[in-house]
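Report on the structure
Listed here are the chains, written in short residue letters.
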Amino acid sequence: MQSDNFNFECEYWVRGSMSSTRTVRVRVNGVEYTKEVEPRLLLVDFIRDHLGLTGTHIGCDTSNCGACTVIMNGRSVKSCTKFAVEADGGEILTIEGLASDGNLHPIQKAFWENHALQCGYCTPGFIMQAYWFLKQNPAPTEEEIRAGLSGNLCRCTGYQNIIKAVKAASEELRAKAPTINGG
Amino acid sequence: MAASLCGSRVKRREDPRFITGTGNYVADVTLPGMVYVKFVRSPYAHALIKSVDTSAAREVKGVLGVYTGADLKSKLGPVPCAWLVPTEPPIKVPEYRAVAVDKVRYVGDPVAVVVAESQGAAEEAAERVSVVYEPLPVVVDQEEAVKDGAPRLYDGIDRNTSFVWRLKGGDVESAFRQAEVVVKQRLVNQRLQPTAMETRAAVAEYDSARSEATLWITSQNPHIHRLLVSAMTGIPEQKLRVIAPDVGGGFGSKIQVYGFEAVVTLLSKELRRPVKWVETRSENYLSTIHGRAHVDYVELAAKRDGTILGLRVKTYANLGAYLTTAAPGVPTILFGIMLSGAYRIPAIECEVHGVLTNTAPVDAYRGAGRPEATYIVERMVDMLAHELGMDPVDVRLKNFIPKDKFPYTVATGLLYDSGNYEETLKKAMSLVGYHSLREEQRRLREQGRLMGIGVSTYVEVCGLGPSKVVRSTGFGLGLWDSAVVRVHPSGKVSVYTGAHPHGQGEETSFAQIAADELGVPFEDVEVVHGDTAMTPFGMGTYGSRTLPVAGMAIVGACRKVVEKAKKIAAGLLEAREEDVVWEHGKFYVRGAPAKYKTIQEVALASYTAENLPPGVEPGLEVTHFYDPTGFVFPFGAHICVVEVDRETGEVKIQKYVAVDDCGNQINPMLVEGQVHGGITQGLAQALYEEAVYDSQGNLLTQSLNDYALPTALEAPTYTTDYTVTPSPVTPLGVKGVGETGTIAATPAVVNAVVDALAHLGIKHLDMPLKPEKIWKAIRRAESEQTTTS
Ligand code: FES
Ligand code: FES
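Conventions we followed
Residues numbered from 1 in each chain as written. Chains lettered and ligands numbered in written order. Predicted model: local features only at pLDDT ≥ 70, side-chain atom pairs only at ≥ 80, totals over all residues. Heavy atoms only, no water. Helix = DSSP H or I, 4+ residues; strand = E, 2+ residues; numbered from the N terminus. Rg over C-alpha atoms; globule rule 2.2 N^0.38 Å. Buried < 20%, exposed > 50% of the residue type's maximum accessible area, 1.4 Å probe, protein only. Contact = heavy atoms within 4.5 Å. Areas by Shrake-Rupley, 256 points an atom, 1.4 Å probe, with all protein chains shown as cover. Lys, Arg positive; Asp, Glu negative; His and termini not counted. Charge placed at Lys NZ, Arg CZ, Asp CG, Glu CD. Pairing = 2+ DSSP bridges. Axes fitted to C-alpha atoms, helices over the stretch in contact; angles between N-to-C directions. UniProt positions renumbered as here; feature names shortened; annotations may be inferred. Buried area = accessible area lost by both parts, 1.4 Å probe. Salt bridge = Lys/Arg side-chain N within 4 Å of Asp/Glu carboxyl O. Domains from an automatic or database assignment. Polar contact = N/O pair within 3.5 Å; in protein donor to acceptor, adjacent residues only side chain to side chain. Nonpolar A, V, L, I, M, F, W, Y, C, P; charged D, E, K, R; others polar. Right-handed = clockwise from strand over helix to strand, strands pointing away. pLDDT = per-residue confidence, 0-100. Phe/Tyr/Trp six-rings, centres within 6.5 Å; stacked < 30°, edge-to-face > 60°. Disulfide = S-S within 2.5 Å. Parallel < 35°, antiparallel > 145°, perpendicular 65-115°, else oblique. Core = buried A, V, L, I, M, F, W, Y, C linked by side-chain atoms within 4.5 Å.

For chain B, the name recorded in an unreviewed UniProt entry is Carbon monoxide dehydrogenase, with Candidatus Marsarchaeota G2 archaeon ECH_B_2 as its organism.

What follows is the structure, encoded as structure tokens:
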């Protein structure tokens, strides 16, 4: 491939449309999907373009921003770093699946109550990362929260209210389920 | 009695959609039959385009068209620049094409556009467009670009200088003659990449049966986009609908009309298909505007007692390769007029060279000119204090414009509306414990530890602005704003604003204002923005103008609604209008408050319309245009405390206190959010961020790996507080607050770091203050101290 520009080449490689398709069977937010996809389709594009779940965002092309964070098989992943085929047979939770029966998840509620978002673009990624983080560490200190969210970028809030929200959510989650054991 | 909503921390009504992933950003817009665009961009910073061969690209399956700059030239007008500052000789505006013709002038300059059925096909085809370039000598540095023999970007623009702008107030020569001390410094205000988390994007759909286009775009000002895209494409304004749905941050970088919007609109018309373009982050860094990029030569004249006499500034502003929408106004008007800061400086002189270089265009980034001015003033005040052995706080207190002197005209000609600078500084000092910190600093120094305290007492001009004044600066339009307030028959209210909030929260704060003004429940008010088919022409959201201008348009509209409703109520109450009293959503006859008509009842009556007083039209709806009578000037005092690690040069922010005054606050929660975010961007400039080009014009900071945005680990915890000095200019006494943090924080942090190092003999370091730079400066200072001792 002739290319003057490394980035174009990279993007081409990951998003290119040359090979035959493969089947992906995956459960997303509790719904079973079976789709034919190109092997190099990124998970984030699969979620957004094939499933229409546009709450998962894209903020970079170097896996730095975390806007694309989802939960895959119980762990948080940056969905721009995975291929859709890697999700085959697995289970994914995106921001759209977090509220249950119309009730906001305590993390969502805490973001709202603590003004932890402005433009909202980074928000789904932060909430999903916080969701996973609080499962690992249900009673974190401020420093631990900052470290736990340091793979996500926000340009609007200066993080202070995000930290506050995650702290508040951790308290509410613990009050609700006093004996968390990994949930 | 209804409690006032204005002044309350009302939770944001925009949040439910964002926290559930149901926001609607441009990249989320999908239309049947949609096709995808990829721009082919120049890998050279300066080169002639010898030929563009699109044949191989056309063969890629799914490709619908490949267009070169030459193909588009006849179909698209040039990208206009909307702020032609008046200079002598007149500003030279180079031709700026959406897709380059004949010559490229920065790495990332588009040379062709591919449209295909899928994103993958568009990208593959873009790879196959083969362009033959003839590279030319490159110049990226503005001080190099003005030298004799420097590579020239444009025929007819000598020394790459688009303009030289001058401002002079007071007798500068005599100020410097009288000076007992003159402090001089070259200050670099480095180039920044705005980095809204959402990159730019556009979707266009052309309806050929109606000859109408709809354009979804990441815009801070949809009406401006419609006007200029209409001018470029020839699609009449009334046939072009621009929708800026949810926008993921702008910070100035989504004000501009770049050309891509016009390209997708045109291609949608040509191909009769909806066309989508979403920028990648690397493209965003290459070709979305950058900010700042100044080199300033500064001289400050003062007396030995710390009284400032005069300021002289000569600036080389890097404008990049083309003049984007507001570019010429940023390093001139928005910069020069703020060089008095919070101080009585009797004489100020400023000369700005606007220089074209082989780099991405530079335009408004959060603060836009005002952070650059504030950085100069606040650094120089600190340097003066250091020179005189005074506490930087005392120099400030000595030179502040006193609170009883407002409104006050500074030497640059601006009329400051209101202020109490001493109060904010004293409040910040007591919050941070200034005097005991100075004690602690002395103790730590004895132990060899490097602790610094940095103060920044800023003033910002915003609320842009009175149209008459703004027009005299060469701005393409006035800077008023507009609102439609429509009270429906049910008494519910829709408010349509010409502004475009994209994170600031005005769907909430504007509803607070309207609910208070009309005496209706908050839940009954809907705020609509971002769609030119629904909202009145307005100027958009930037420059901290949304509340003080567009918000005041809503106040005006509501008051006119009440005026009309009062006439109708008088009819219903069978009273004379002058006997009718308006109070919290109700009308009654003076002295008889028990018998009243609610605004909702009056609204219904306005639509049934059978009992309207003579001369009163049916309906209850008002369009109001608000042109401010003056600018507003928020201000404040920020104090930053740092410790510098002697061994590594690393800076750790220990404390950050911000006391801001933006007049009356509508929603203190939103104010706090703006302050937090603003400070974080400001300190990021001081410590981390810098756009770097190599000598060949390659952008070395082309990804988030290389462009160092602060994460939650770097951002400190802020202590925020306020004073309230209402503005006499705006009906609600409000000022703007969107940029204050960014303006204040940069010098506060740099002053703190330099303060930590001052006793080593370090007087100044240019930003960003990365560990390596500080470490080297410490080593150098230490070795100088050993050689001199
Ligand atoms: S999109 Fe930025 S990390 Fe995935
Ligand atoms: S809220 Fe805008 S990027 Fe985080």
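**Quick notes on the overall build of chain B**
The helix and strand inventory of chain B stands at 21 helices and 28 strands. The C-alpha atoms of chain B give a radius of gyration of 28 Å, which matches the 28 Å a tight globule of 789 residues would have. Along the first, second and third principal axes, the C-alpha set of chain B runs to 95 × 75 × 50 Å. Relative to its 789 residues, chain B shows a buried fraction of 67%. In chain B, 80% of the contacts between residues at least 6 apart in sequence involve partners at least 24 apart. Surface exposure of chain B reaches about 26400 Å², of which carbon and sulfur atoms provide 50%. Here chain B holds 82 positive side-chain charges and 93 negative ones, and the gap between their average locations is 2 Å.

**A look at the overall build of chain A**
A count of helices and strands for chain A gives six helices and five strands. In chain A, the order of α-helices and β-strands from amino to carboxyl end is α-β-β-α-β-β-β-α-α-α-α. A burial count over chain A gives 55% of its 183 residues as buried. Counted over contacts in chain A with a minimum sequence separation of 6, partners at least 24 positions apart contribute 56%. When the accessible surface of chain A is totalled, it reaches about 7700 Å², and 47% of it is carbon and sulfur.

**Focus on the sheet that holds strand β19 (residues 481-487) of chain B**
All names here are of chain B. Spatially, β21-β20-β19-β25 is the arrangement adopted by the four strands of the open sheet, whose pairing is mixed. Two strands in the sheet have a free side with no partner beyond their single neighbour: β21 (525-528) and β25 (621-626). Each strand axis lies, on average, 15° off the axis of its neighbour in the sheet, ignoring direction. Bridging between strand β20 (residues 493-497) and β21 involves four bridges; their strand directions are parallel. Bridge pairing links Tyr496 to Val528 in β21.

**What to know about the UniProt feature "domain: Aldehyde oxidase/xanthine dehydrogenase a/b hammerhead" (unreviewed entry) in chain B**
Those residues carrying the UniProt feature "domain: Aldehyde oxidase/xanthine dehydrogenase a/b hammerhead" (unreviewed entry) are residues 20-137 of chain B in this numbering. Between the C-alpha atoms that bound residues 20-137 of chain B there is a distance of 51 Å. The span itself is 16% helix and 30% strand.

**Focus: the interface of chain A and chain B**
Facing 52 residues of chain A, the contacting portion of chain B comprises 59 residues. Here chain A meets chain B over a buried area of about 4900 Å², counting both sides, of which 55% is carbon and sulfur. The tally of links between chain A and chain B comes to two salt bridges. A salt bridge links Glu689 of chain B to Arg155 of chain A, with the shortest nitrogen-to-oxygen separation between them at 2.7 Å.

**A closer look at the domain arrangement of chain A**
Residue and element names in this part refer to chain A. Along its sequence, chain A is organised into domain 1 (21-97) and domain 2 (106-179). Computed from C-alpha atoms alone, the centre-to-centre distance between domain 1 and domain 2 is 22 Å. Summing the contributions of domain 1 and of domain 2, the shared interface buries around 1300 Å²; its carbon and sulfur component is 61%. Contact with domain 2 buries surface across domain 1, with His57, Thr69 and Ile95 losing the most and accounting together for 36% of the total. Counting across the domain 1 and domain 2 interface gives zero salt bridges. Scanning the region where domain 1 abuts domain 2 turns up seven residue pairs in polar contact (both at pLDDT 80 or more). Mapped onto the side of domain 1 that touches domain 2, the elements with two or more residues apiece are β3 (69-72) and β4 (75-78). Tallied by class, the residues present in the side of domain 1 that touches domain 2 amount to seven nonpolar, nine polar and two charged.

**A few points about the pairing of strand β28 (residues 719-722) of chain B**
Residue and element names in this part refer to chain B. Burial along β28 is one-sided: the face carrying Thr720 and Tyr722 is buried and the face carrying Thr719 and Asp721 is not. Where strand β27 (residues 651-661) meets β28, four bridges bridge the pair, whose relative direction is parallel. Its bridge partner being in β28, Val659 is matched across the sheet by Asp721. For the crossover from β27 across helix α19 (residues 668-687) to β28, the handedness is right-handed.

**Examining the confidence of the model for chain A**
Here chain A averages 90 in pLDDT, while 86% of its residues score no lower than 70. Long-range and interchain partners of residues 1-17 of chain A, a stretch whose pLDDT sits below 50, account for 35 contacts in this model, where long-range means more than four residues apart.

**Concerning the packing of aromatic side chains**
All names here are of chain B. This structure, assessed with the given rule, holds 22 aromatic pairs over all chains. Centre to centre, the rings of Phe260 and Trp277 are 4.7 Å apart; their planes meet at 50°, and the pair counts as tilted. With a gap of 17 residues between them, Phe260 in helix α8 (residues 260-271) and Trp277 in strand β12 (residues 275-278) connect regions that are remote in the sequence. In terms of burial, Phe260 and Trp277 fall into one category: buried.

**What to know about the sheet that holds β28 of chain B**
All names here are of chain B. Spatial strand order, β18-β26-β27-β28: four strands in an open sheet with mixed pairing. Two strands bound the open sheet, and with one partner strand each, they are β18 (450-459) and β28. Averaged over all pairs of adjacent strands, the angle between their axes in this sheet comes to 15°, without regard to strand direction. Note: β18 against strand β26 (residues 635-644), ten bridges, orientation antiparallel.

**Quick word on the state of the cysteines**
Simply put, the disulfide is a covalent bond whose two ends are the sulfur atoms of two cysteines. Overall, the coordinates contain zero disulfides over all chains when judged by the stated rule. Here Cys350 of chain B stays free of any disulfide, with the sulfur of Cys81 of chain B as its closest cysteine sulfur at 19 Å.

**Concerning the packing of helix α17 (residues 546-572) of chain B against helix α18 (residues 599-608) of chain B**
All names here are of chain B. Remark: α17 packs on α18, axes separated minimally by 9 Å, with the N-to-C direction vectors making an angle of 90°. It follows that α17 is roughly perpendicular to α18 by the angle criterion. Contacts between α17 and α18 involve Ala565, Ile568, Ala569 and Leu572 from the first element and Ile599, Val602, Ala605 and Ser606 from the second. Among the residues forming the contact of α17 with α18, the class breakdown is seven nonpolar, one polar and no charged.

**Quick look at the nonpolar core**
By size, the foremost hydrophobic cluster in this structure holds 227 residues, and its most contacted members are Phe111 of chain A together with Leu339, Tyr416, Val644, Tyr656, Leu687 and Leu757 of chain B. Ranked by residues supplied to this core, first place goes to helix α11 (residues 370-388) of chain B with ten residues. Among residues more than four places away in sequence, those in contact with Leu339 of chain B are Leu311, Val313, Ile345, Ile348, Cys350, Ala373, Ile376 and Val377 of chain B. Counting 48 residues, the second largest nonpolar core, distinct from the first, contains Ile513, Leu547, Cys558 and Val616 of chain B.

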